[in-house]
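Single-letter residue listing:
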Amino acid sequence: MAEEIKSGTQSSAQKKQPPLWKGVSDMTDKEQTNMLIDIYTNLQRIKSAADRDKEIDYQIKAAKAKLEASGIVTENLDIH
């Protein structure tokens with residue numbers, strides 16, 4: 001593929017598609033800060049929970065719902 005890029009023989013579909021890393025760099029500082037606050041508060045909730053296993057299960061369900069709402073299948077990520 002590197003040869004294709006150098007020689008200019010990429011298909012029009014390849015030229016229109018943005019690089020995969022571009023989506024990652026589009027996260028703003030505010031979004032990153034909010035994400036880290038969520039992680040921190042979730043860990044604090046687990047740490048102080050009377051029933052840690054129940055809280056961990058809740059956190060997993062919430063994270064799974066967010067991922068699936070974004071179209072990410074979580075089934076293969078589960079540890080059994």
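The structure under discussion appears in the preceding block.
Note that the coordinates shown come from a computational prediction; the quantities given were computed from them, not determined experimentally.

Caption draft 1: Broad picture of a nonpolar patch on the surface. Nonpolar side chains collect at one region of the surface, where M27, M35, L36, I39 and L43 lie side by side and expose about 460 Å² of accessible area between them. Mapped onto the elements, M35 comes out in helix α4 (residues 29-48). The class of M35 is partly exposed, set by a relative accessible area of 40%.

Caption draft 2: Highlighting the pattern of salt bridges. Using the criterion set out here, one finds two salt bridges in the structure. With its nearest N and O atoms 2.8 Å apart, the salt bridge here joins R45 to E55. Of this pair, R45 sits in helix α4 while E55 sits in helix α5 (residues 52-69), and the two are 10 residues apart along the sequence. By relative accessible area, which is 11% here, E55 ends up buried.

Reading the values: rules and limits
- Throughout, residues of each chain are indexed from 1 in the direction in which the sequence is written.
- Restriction of local features to residues with pLDDT of at least 70 applies here, the model being predicted, together with a cutoff of 80 or more for giving and counting side-chain atom pairs; totals for whole chains, interfaces and linings are based on all residues.
- For the side-chain quantities, the full set of heavy atoms in the structure was used; hydrogens and water were omitted.
- A patch is a set of surface residues, each over 30% in relative accessible area and not in a salt bridge, joined within 9 Å for like charges and within 5 Å for the nonpolar side chains Val, Leu, Ile, Met, Phe, Trp and Tyr.
- Here the accessible surface of atoms and residues is derived via Shrake-Rupley with a 1.4 Å probe, and residues count as covered only by protein chains that are part of the display.
- We define a salt bridge as a contact between a side-chain nitrogen of Lys or Arg and a carboxyl oxygen of Asp or Glu at a distance within 4 Å.
- Counting from the N terminus, the helices are the DSSP runs of H or I reaching at least four residues and the strands are the DSSP runs of E reaching at least two.
- Whether a residue is buried, partly exposed or exposed follows from its accessible area with a 1.4 Å probe, protein chains only, as a fraction of its type maximum: under 20%, in between, or over 50%, in that order.

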